[in-house]
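Residues per chain, in single letters:
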Amino acid sequence: MKRMPTQSPADPLRQFTRWREEWRAVDARTPDSAVLATADHHGRPSARWVDVAYVDHGFVYFTNHASRKAADVAVNPAAALCFGWLAKGRQVRAEGPVTRLDEVESDAYFATLPRSLQLLAWSSDQSAEIDDRQVVRARFDAERARFDGQEVPRPGHWGGYRLTPQEMEFWQRRADEIQDRVRYRRRDDGWQVVRVAP
């Protein structure tokens, strides 16, 4: 086995958190934005930007359970995330299985959302074809009237997913163009850390 690269934490999520905080100092709006790649039952890939809501022992995001990304992981429960902090010359990739959060976890996060996003979760059949955006606007206005003066409950068709990384890779641009790549692979006894060629 290759020797562990120097200055690399044993846990990739610690390294990820450090890099994310350094990026937050550059652009506080986008530290949690990532490209999520999934594939359907035919193996056809699809990728889109998502906001990672929080990181615990995995990367947690939320969506409509009828969305394309949710449909993909229902039949092919593995995905990849890519964070592109390119102004600092950095990229982080994570790959692993995806599981659906329980209702308690989804309820807790939904309660923290701005009311407008809560109402949108009720109003939008995410990924469904519509004639124009006014369809969603009309539904939004109807839901706003329905929940006027009360808390907005989480709709059953909306909830969270956690990608638990089995592999993570950190890429760092270098002035000499020999970029730095460090890969973590989960094993039964912890993480294997290796340096790989750029």
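Fair warning: this is a prediction, and the values are worked out from it, not measured in the lab.

Thresholds applied
- Residues numbered from 1 in each chain as written.
- Predicted model: local features only at pLDDT ≥ 70, side-chain atom pairs only at ≥ 80, totals over all residues.
- Heavy atoms only, no water.
- Axes fitted to C-alpha atoms, helices over the stretch in contact; angles between N-to-C directions.
- Helix = DSSP H or I, 4+ residues; strand = E, 2+ residues; numbered from the N terminus.
- Left-handed = near helix turned anticlockwise from the far one by under 90°.
- Contact = heavy atoms within 4.5 Å.
- Buried < 20%, exposed > 50% of the residue type's maximum accessible area, 1.4 Å probe, protein only.
- UniProt positions renumbered as here; feature names shortened; annotations may be inferred.
- 1 Å grid on protein atoms, 1.4 Å probe; cavity = no way out; pocket = protein on both sides within 12 Å on 5 of 7 lines; lining within 4 Å.
- Points joined across faces, edges and corners; volume = space filled by probe spheres on them.
- Nonpolar A, V, L, I, M, F, W, Y, C, P; charged D, E, K, R; others polar.

### As for the packing of helix α4 (residues 115–123) against helix α5 (residues 133–146)
- The interhelical angle for the contact between α4 and α5, taken along N-to-C directions, is 115°, at an axis separation of 9 Å. The element α4 and its partner α5 pack so that their crossing is right-handed. In contact with Ser116, Leu119, Leu120, Trp122 and Ser123 of α4, α5 contributes Val136, Arg139, Phe140, Glu143, Arg144 and Arg146.

### Focus: the environment of Phe110
- The residue Phe110 is located in helix α3 (residues 103–110) in this model.
- On the basis of relative accessible area, Phe110 is assigned to the buried category, the value being 2%.
- Spatially, the C-alpha atoms of Phe110 and Ser46 are 26 Å apart, while their sequence positions differ by 64 residues.

### Section: the UniProt feature "domain: Pyridoxine 5'-phosphate oxidase dimerisation C-terminal" (unreviewed entry) in the protein
- UniProt marks residues 158–198 with the feature "domain: Pyridoxine 5'-phosphate oxidase dimerisation C-terminal" (unreviewed entry), using the numbering shown here.
- As a span, residues 158–198 carries 0% helix and 66% strand, and end to end its C-alpha atoms are 40 Å apart.

### Comments concerning the layout of surface pockets
- One number sums up the size of the largest pocket: a volume of about 540 Å³.
- In terms of lining, the largest pocket is formed by 19 residues, of which the most central are Phe62, Thr63, Leu113, Leu117 and Trp158.
- Within the residue set of the lining of the largest pocket, elements represented by two or more residues are β2 (45–51), β4 (59–64) and α4.
- It is β4 that provides the largest number of residues to the lining of the largest pocket, a total of four residues.
- Taken together, the residues that form the lining of the largest pocket break down as 12 nonpolar, five polar and two charged.

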